[in-house]
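Single-letter residue listing:
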Amino acid sequence: MQCLTDPLERVAEAMRVFIDRPALRLLHVTTADAIRIPVLEHVMAAEHDAENLCPFVCLEAPVEEGDDGWGIRAVELRVDMEALCEREATAPEGAAEVRSMPAEARAKTDLGRFLLELRVAVQCLGKPLAGLVVVLSPVWVRDVARWQEDVRALLAREDLGRVRWVLVDLEEPISLDVARGLGASAYLVDARIDVAALQEESDALAASIESAPSGAWGARATGAAGPDEAPPPRYNARALDPEELRALAEGANLPPEVLSVEPMQKLRALITGAARAARNRDVAGAVAKQREARAFCKGIGWRKGAVMMACLLGGYALQAGAPRAALDIFTEARDEATEEDMAELAAQAEMARGTCLLLEKRDDEAARSFAEAGMLAGELGSKVMAIEGYRMCGQILLGRGDEKHAVQAFVRALEYAEGATPQERATSSAAEAMHALASVCRAHRLGAQADALEAQAAAMERGQEKEGGRHVAGHAG
């Protein structure tokens, strides 16, 4: 959709300006949480520009009420610099000169320690590198005043003249006044999503799908433009007769209607209509259409489809403020999925049950439900879902003061994370489990363990775990 690609194009253009104008000290980006990762990918891609003479480091530690995050950012910075040094040491002839960081700096405050580490990092950069670009993109900021004060102090440091900054705010431009204080040395870009345009485009697409003529084929079936008639069959093509279609469906353990155009077109229109109603805050309409979609799947004997429709229906019931009704729907979906040996759907339904129980303030039952979902997901090999189940279980137990069992749940989540791929870890809630476990460590004065967990979580959140690392700069090969 155009309203989603436009903000990314604005970021890409802003990065071209930032690279082309070395006198700019700061690029300030305001974007939406929904596209945070693509925005950061566009920012970091500028590191490879042929004109760029600065390696990039991306620091994403959050800002908490009682923790400004600079201690974690100091660890992140050192890890990135070590990876840069290793990479350049093994690069072909003509690579940039990067020296190893000396022993860790010590200071009275975490911000002071970060400043010292940053100054040393810049000193470790040799020719032809001109300096360092530091991308500050905290995953959340819960102490806005503290963050603004710290960023303002960083930008005022004369001894950091070789450091350039990219500052990314989510949803609200909380650092905009700080950026404006630099005058012409700062470049500002608003890369938020036009919510009204997104709504309009989504509604138009849904309306097109719902109004597609019966038997529409190809692009027409999805609401896109296309010819009124299907193309002629290939000379050697042969249409399946009803008996062949039935045999093919039976072989795939599906009702024949699932392989037929018109029934699936009707189901798609019901699902799309429900989603459209929900976007327009017509929750009753969404529930009605989704209930019809579920009944349709049951009517043609497609039990897996009926379970999937039930999970969507339960979600709309939750939106309608009816967690008890949603709980009944998800419970039935879980039972049906279990009967049919659909383990993944059973795990999804169990996870949803946990959410309903949590909303009903039945915390003990919710924790058990999330643990059950984690176990089911783990058995079928869905590591992302297993991580989320155990992480939610641990979060609830920690909130209830059951620290011992909460830690066990977090550790179980991280065991699944260890066996996952980097992409699975980045898309899972493993980082949140690490943050929670770090908070427990910190409460027990295990600062080193807490810092290590926080740094690992931040690296995971930006998909930059140590597996070769990022490429440094365009000139470095």
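The structure this text deals with has already been given above.
Residues numbered from 1 in each chain as written. Predicted model: local features only at pLDDT ≥ 70, side-chain atom pairs only at ≥ 80, totals over all residues. Heavy atoms only, no water.

**Some words on the packing of aromatic side chains**
(1) Moving on: For the structure shown, the criterion picks out three aromatic pairs.
(2) Moving on: Between Tyr390 and Tyr416 the ring centres are 6.1 Å apart and the planes differ by 15 degrees, which places this aromatic pair in the stacked class. Taken as a pair, Tyr390 in helix α16 (residues 383–399) and Tyr416 in helix α17 (residues 403–418) lie far apart in primary sequence, 26 residues in all.
(3) Moving on: Ring pairing ties together the aromatic residues Trp70, Phe114 and Trp147, which thus form one cluster.
(4) Moving on: It is Arg73 that lies over the ring of Trp70; its NZ or CZ is 4.3 Å from the centre. (Phe/Tyr/Trp six-rings, centres within 6.5 Å; stacked < 30°, edge-to-face > 60°. Helix = DSSP H or I, 4+ residues; strand = E, 2+ residues; numbered from the N terminus. Lys NZ or Arg CZ within 6 Å of the ring centre and 35° of its normal.)

**Things to note about the pattern of salt bridges**
(1) Moving on: Taken as a whole and assessed by the stated rule, the structure comprises 28 salt bridges.
(2) Moving on: Where Arg192 meets Asp190, a salt bridge forms, and the shortest distance between an N and an O atom there is 2.7 Å.
(3) Moving on: For Arg442, the salt bridge is made with Asp451, and the minimal N-O distance between the two is 3.5 Å.
(4) Moving on: Classification of Arg442 by relative accessible area gives partly exposed; the value is 33%.
(5) Moving on: What emerges from the salt-bridge pattern is a single network uniting Arg294, Lys298, Glu332 and Glu336. (Salt bridge = Lys/Arg side-chain N within 4 Å of Asp/Glu carboxyl O. Buried < 20%, exposed > 50% of the residue type's maximum accessible area, 1.4 Å probe, protein only.)

**Points about the pairing of strand β4 (residues 163–170)**
(1) Moving on: Judged by how many residues are buried, β4 sits mostly within the fold: eight of eight residues are covered.
(2) Moving on: Burial along β4 is two-sided: Val163, Trp165, Leu167 and Asp169 facing one way and Arg164, Val166, Val168 and Leu170 facing the other are all buried.
(3) Moving on: Across six bridges, strand β1 (residues 26–31) lies against β4 in parallel orientation. Within the sheet, the bridge partner assigned to Thr30 lies in β4 and is Asp169.
(4) Moving on: Of the pairings in the sheet, the one linking strand β3 (residues 132–136) to β4 comprises five bridges and is parallel in character. Across the sheet, Val133 pairs through a bridge with Arg164, a residue of β4.
(5) Moving on: For the crossover from β3 across helix α5 (residues 144–155) to β4, the handedness is right-handed. (Pairing = 2+ DSSP bridges. Right-handed = clockwise from strand over helix to strand, strands pointing away.)

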